[in-house]
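Inside the fold
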Amino acid sequence: MGSSSTKYASSEKLSKDLTGQVVVVTGGNSGIGKSTCLQLSKQGATVIVACRRLSAGEKTAEECNAQGGGKGSAKAMVLDLADHNSVKAFAAAFSKDYDKLDLLVNNAGIMNVPTRKLTADGNEAQFGTNHVGHFSLTGLLLPSLKKAAAPRVVCLSSVFHDVAMGKKGVVDFDDVNFERRAYHGWTAYAQSKLANLLFAQELARRHPEVTAVSAHPGFVESNLMKMPAVALFLMTPVLRYGMHQIRPWEGVQTSLHCCLAEKEELENGRYYAQVGSPRGCVGGWPTEPEHMNEHVTAENARKLWEMSVKMTNVDY
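What comes next concerns the included structure. (Residues numbered from 1 in each chain as written. Predicted model: local features only at pLDDT ≥ 70, side-chain atom pairs only at ≥ 80, totals over all residues. Heavy atoms only, no water.)

**Details of the packing of aromatic side chains**
For the structure on display, the rule yields 10 aromatic pairs. Note on Phe 94 and Tyr 98: the rings are 5.0 Å apart at their centroids and 20° apart in plane angle, and the pair reads as stacked. With 5.2 Å between their ring centres and 80° between their planes, Phe 135 and Trp 305 make a pair best called edge-to-face. With Phe 135 in helix α5 (residues 125–145) and Trp 305 in helix α9 (residues 298–312), the pair connects residues that are 170 residues apart, well separated along the chain. By relative accessible area, which is 0% here, Phe 135 ends up buried. Members of the aromatic cluster, each reached through a chain of ring pairs, are Phe 135, Phe 199, Trp 305 and Tyr 316. (Phe/Tyr/Trp six-rings, centres within 6.5 Å; stacked < 30°, edge-to-face > 60°. Helix = DSSP H or I, 4+ residues; strand = E, 2+ residues; numbered from the N terminus. Buried < 20%, exposed > 50% of the residue type's maximum accessible area, 1.4 Å probe, protein only.)

**Structural notes on the sheet that holds strand β9 (residues 271–273)**
Strands sit in the order β3-β2-β1-β4-β5-β8-β9 across an open sheet of seven strands; the sheet is parallel. In this open sheet, the two edge strands, each paired with only one partner strand, are β3 (73–78) and β9. Adjacent strand axes in the sheet meet at a mean angle of 20° when their direction is disregarded. As defined by bridge partners, strand β4 (residues 103–106) adjoins strand β5 (residues 152–156) across four bridges and the pair is classed as parallel. By the bridge assignment for β5, Asn 106 is matched with Cys 155. (Pairing = 2+ DSSP bridges. Axes fitted to C-alpha atoms, helices over the stretch in contact; angles between N-to-C directions.)

**Some details on the environment of Lys 146**
Mapped onto the elements of the fold, Lys 146 is located in the loop between α5 and β5. For Lys 146, a relative accessible area of 38% gives the class partly exposed. Residues within four places of Lys 146 in sequence aside, it is in contact with His 207 and Glu 209. A polar side-chain atom of Lys 146 sits 2.8 Å from a polar atom in the side chain of Glu 209. (Contact = heavy atoms within 4.5 Å. Polar contact = N/O pair within 3.5 Å; in protein donor to acceptor, adjacent residues only side chain to side chain.)

**Some words on the pattern of salt bridges**
By the definition in use, this model includes 16 salt bridges. The residue Glu 267 makes a salt bridge to Arg 270 at a minimum N-O spacing of 2.9 Å. Taking relative accessible area as the criterion, Glu 267 reaches 45% and is therefore assigned partly exposed. Judged by its relative accessible area of 24%, Arg 270 falls in the partly exposed class. Overlapping salt bridges, with partners in common, bring together Asp 162, Lys 168 and Glu 294 in one network. (Salt bridge = Lys/Arg side-chain N within 4 Å of Asp/Glu carboxyl O.)

Structure representation (structure tokens):
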């Protein structure tokens with residue numbers, strides 16, 4: 001049973017016929033990514049469950065295909081956002097098998113990695129996985145998106161783009177990989193989530209034919225946090241009741257709203273969040289702006305884009 005403060009996507013949106021639409025969901029094997037896959041396939045979409053471990057993705061795909069009355073279908077494909085070669089391979093395989101891409105849900109991510117780690121490409125793990133990998137993927141899939149009648153990209157950001165456990169969200173353009181400044185897991189996470197928001201904003205500006213928005217799902221139970229299993233087990237009651245942690249079906253509502261709303265219902269480039277979300281809740285559903293990180297600017301969005309092109313060699 002959901003929280004009394006949770007705003008749910010409308011029944012009209014959750015019954016919308018998606019037959020013929022092709023959807024890619026990164027991190028679709030668990031949490032709100034899995035909930036997204038299950039719902040969109042139930043509504044008739046062809047869903048690609050993109051994740052690092054094929055076996056985990058196949059389990060989600062099997063659930064999608066087995067659900068009663070499901071009109072859509074699902075297939076798992078390997079995607080490691082921390083490895084540019086994997087991203088390229090995924091995009092190439094997708095483009096070979098599918099004529100178009102209607103919806104890309106950039107959902108996958110990691111959170112609060114306690115010690116500095118690097119991706120296969122030498123980027124700080126959270127920035128590299130949460131932003132750089134998705135920047136590359138979106139760029140490589142852009143030709144497929146532009147073949148769709150109404151292409152859409154939904155980027156999972158977070159209210160922590162503003163302040164994450166006391167750490168301010170800032171994209172340090174001189175040291176995004178923490179090569180000189182002191183590393184802190186929450187600082188790195190806040191930077192990556194701010195990057196997700198800025199990326200959607202700039203994608204919408206540069207390619208207005210693609211509807212691109214970012215979303216804060218809420219503090220959702222997931223595999224995001226990298227902490228020992230015992231510690232996570234002990235912390236769960238505190239997170240759920242002390243910090244208002246919510247279930248995946250509650251958390252996925254903002255994502256589903258952004259995925260399923262009619263084009264004219266969304267403001268291209270904006271950030272969407274739940275009712276009652278804390279500071280940083282800006283966008284159209286369903287609250288009015290309360291506060292925005294002062295680093296969310298058109299200039300920072302442009303700088304991030306140009307830096308990301310240089311880091312990935314993916315030029316949109």
